Amino acid sequence: MTAREKSIQEAFQERMDESELLNCMRCGFCLPACPTYIETGFDETHSPRGRIALMKAVYDGLIAPDQEVEHSLNVCLGCRACEPVCPAGVQYGHLLEEARDIFNEHHPHSLPVKALRKTMFDGLFPHQKRMAQAVGLLGFYQKSGLQTVARKIGFMNLFPESLRQMEKALPEVPKHRRMKSRLQQAAASETTIAKVAFFSGCLMDTMFLETNDATIKLLQKAGCEIVIPENQGCCGALHGHSGEKEKAKELARRNIAAFEKTEADYIIVNAGGCGAFLMDYEHLLKDDPEYAERARQFSAKMKDISQILYELNFHERVPLQVTQQVVTYQDSCHLRNVMRTAEAPRVLMQAIAGVEYREMEKADSCCGSAGIYNLVQPEMSMQILDHKMEKVTATKAQTIVTANPGCLLQMKLGIEREGLGDQVRAIHIVDLLLEACG
């Protein structure tokens, strides 16, 4: 065992939760729920129980924490579909994030990779103004004619096929407006049923700004007083999933402090990936004496936009109608598996006049987006997406609805790969509901 591997093993023994590792009974209930287990031809090292066995073996010193172990952990989507079906209630997602964080701390990244990680995780995502500027550059690329020129001269051919298709699937970037301009829009409705604080996110409040605006309008129609904390920031999910746990904790403390001041009944989010990580603040800061209880109270207030609308009977009080269309739904893994919200979006969609809802086979299975997974594991991601599109095509749906920006981009990419751009659209559930409000 090398010195590096010895250090990783010692970190496993210090930081991994042995009781949680032992909770896994190796029963196999997780196997049919795991996309990578299925896609790799039932390879146990790419299953939840297999990965837990690897973690425990490293913990016990039975195997070296080598590249094969790290590869197995990195190929995992982190969709956490194994958790709802686990009879022992193993918190696999927490084990995975801790293990990845340990490996990252001991990983000898090259200088270009170190620079890229520092730029993204330190310099970009925690700073909303910089995010807006970065997305603004994308908007300039789209609107200035550079995108057309790049395609004509074959510049995009320098990139892998999946990235070329992703570039085509990117939504048109809206003009950025500062959060302060929304405060008047977020005034209370005439009859206030609940006071909510809105988590605007980083990517959602730039590339998907119009969806955030639609969320505010729906909350108003539902009878909510809306507060938008100015000091909120990135949720930290990408940091937590990529072995940058300490940075995720910093962002968590910042958000908790910002939302405590609102004294809202609920904290509303419209991105399943963000919502799940926000709910996990309770676990993330469990050992922080100053923030542990504050994190618990914060997490207890989290609700997805579809859940709050459902609970406030929005679909019964507000007339909803669209032109006749077949609609199917792709679950956001973290919305379903961590926030445990699956019924509400389906009820809301089926309440819309003109919608013929058709449930997709394995709608609860990951689409292959998984944060930045489609960038760092493109081959597996595209394999999963292609199989997902087979299920979509079988529904003959004209509209694919989802509730997470990553899933939305991935479904748009799937439509592009299948050449269905003139037949099928992908849309966030919030945008569909506002469309249905007329």
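Residues numbered from 1 in each chain as written. Predicted model: local features only at pLDDT ≥ 70, side-chain atom pairs only at ≥ 80, totals over all residues. Heavy atoms only, no water.

What's the story with the packing of aromatic side chains in this structure? I'm lost.
Aromatic rings considered in pairs are described by the distance between their centres and by the relative angle of their planes. Per the counting criterion, the structure on display carries 6 aromatic pairs. A ring pair is formed by Phe277 and Tyr281, whose centres lie 6.1 Å apart and whose planes are at 85°; its orientation type is edge-to-face. On the basis of relative accessible area, Phe277 is assigned to the buried category, the value being 4%. Looking at Tyr281, the relative accessible area reads 0%, which means it is buried. Among the aromatic residues, those joined into a cluster by ring pairs are Phe199, Phe259, Phe277, Tyr281 and Phe298. (Phe/Tyr/Trp six-rings, centres within 6.5 Å; stacked < 30°, edge-to-face > 60°. Buried < 20%, exposed > 50% of the residue type's maximum accessible area, 1.4 Å probe, protein only.)

Whenever I open this one, helix 8 (residues 111-124) confuses me. Can you help?
Given 3.6 residues to a turn, an α-helix orients residues that are three or four positions apart in the same direction. If you check helix 8, its first and last C-alpha atoms are 18 Å apart, about what 14 residues at 1.5 Å a residue would give, namely 20 Å. Buried residues of helix 8: Arg117, Phe121 and Leu124, and no others. (Helix = DSSP H or I, 4+ residues; strand = E, 2+ residues; numbered from the N terminus. Expected span 1.5 Å × (residues − 1).)

Sorry, what's going on with the packing of helix 1 (residues 3-15) against helix 7 (residues 92-105) here?
The relative placement of two packed helices comes down to the angle between their axes together with the axis-to-axis distance. Direction vectors running N to C along helix 1 and helix 7 enclose 145°, while the axes themselves pass 10 Å from each other. In terms of crossing hand, the pair formed by helix 1 and helix 7 is right-handed. In this structure, helix 1 contributes Arg4, Ile8, Ala11, Phe12 and Arg15 to the contact, and helix 7 contributes Glu98, Ala99, Asp101, Ile102, Phe103 and Glu105. The residue inventory of the contact of helix 1 with helix 7, partitioned by class, reads 6 nonpolar, no polar and 5 charged. (Axes fitted to C-alpha atoms, helices over the stretch in contact; angles between N-to-C directions. Left-handed = near helix turned anticlockwise from the far one by under 90°. Contact = heavy atoms within 4.5 Å. Nonpolar A, V, L, I, M, F, W, Y, C, P; charged D, E, K, R; others polar.)

I tried to follow the sheet that holds strand 5 (residues 321-329) on my own but got confused; where do I start?
Strand pairing within a sheet occurs via backbone hydrogen bonds; the two strands may be parallel or antiparallel. Spatially, 4 strands are ordered 6-5-7-8 in an open sheet, and the strand pairing comes out parallel. Bordering the open sheet on either side are strand 6 (353-357) and strand 8 (425-428), each of which pairs with just one other strand. Going across the sheet, the axis of each strand differs from the next one's by a mean of 40°, ignoring polarity. Inspection of the sheet shows strand 5 paired to strand 6 by 4 bridges, in the parallel sense. Opposite Val327, over in strand 6, you have Tyr357 as the bridge partner. Of the strands in this sheet, strand 5, strand 7 (399-402) and strand 8 touch helix 25 (residues 429-436), which is tilted by about 90° from strand 8. (Pairing = 2+ DSSP bridges.)

Any chance you could explain the sheet that holds strand 2 (residues 224-227) here in plain terms?
What the 4 strands build is an open sheet, ordered 2-1-3-4; its pairing is parallel. Every interior strand has two partners, whereas the edge strands, strand 2 and strand 4 (302-304), have only one. When the angles between neighbouring strand axes are averaged without regard to direction, this sheet yields 40°. Summarising the sheet, strand 3 (residues 266-269) and strand 4 pair through 3 bridges and their orientation is parallel. For Ile268, the partnering residue across the bridge sits in strand 4 and is Lys303. Strands in contact with helix 12 (residues 209-221) are strand 1 (194-198), strand 2 and strand 3; relative to strand 2, the strand with the most contacts, it is inclined by about 145°.

Sorry, what's going on with the packing of helix 11 (residues 161-169) against helix 24 (residues 405-418) here?
As a packed pair, helix 11 and helix 24 sit with axes 9 Å apart at the nearest point and diverge in direction by 110°. Considering their axes alone, helix 11 and helix 24 lie roughly perpendicular with respect to each other. For the pair formed by helix 11 and helix 24, the contact residues are Ser162, Gln165, Met166, Lys168 and Ala169 on the first element and Leu409, Lys412, Leu413, Glu416 and Arg417 on the second. Looking at side-chain class alone, the contact of helix 11 with helix 24 contains 4 nonpolar, 2 polar and 4 charged residues. (Parallel < 35°, antiparallel > 145°, perpendicular 65-115°, else oblique.)

Please clarify how helix 12 should be interpreted in this entry.
Taking 1.5 Å per residue, 13 residues should reach 18 Å; helix 12 reaches 19 Å between its end C-alpha atoms and fits that length. Along helix 12, the residues classified as buried are Leu209, Thr211, Asn212, Asp213, Ala214, Thr215, Ile216, Leu218 and Leu219. Of the residues trailing helix 12, Gly223 is marked for its positive phi of about 95°.

How should I be thinking about the pattern of salt bridges in this particular structure?
Side-chain pairing between opposite charges can occur once the charged atoms of the two side chains come close. Applying the stated criterion to the full structure yields 27 salt bridges. Between Arg15 and Glu105 there is a salt bridge; the shortest N-O distance is 2.9 Å. Of the two residues, Arg15 sits in helix 1 while Glu105 sits in helix 7, which places them 90 residues apart along the sequence. Using a relative accessible area of 29% as the deciding quantity, one classes Arg15 as partly exposed. Of the charged contacts, one joins Glu83 and Arg80 as a salt bridge, the two residues approaching to 2.8 Å between their closest N and O atoms. The same class applies to Glu83 and to Arg80, which are both buried. Residues joined by salt bridges that share partners form a network here, namely Arg15, Glu98, Asp101, Glu105 and Lys245. (Salt bridge = Lys/Arg side-chain N within 4 Å of Asp/Glu carboxyl O.)

Take it as geometry only, folks, not as evidence of what the structure does.
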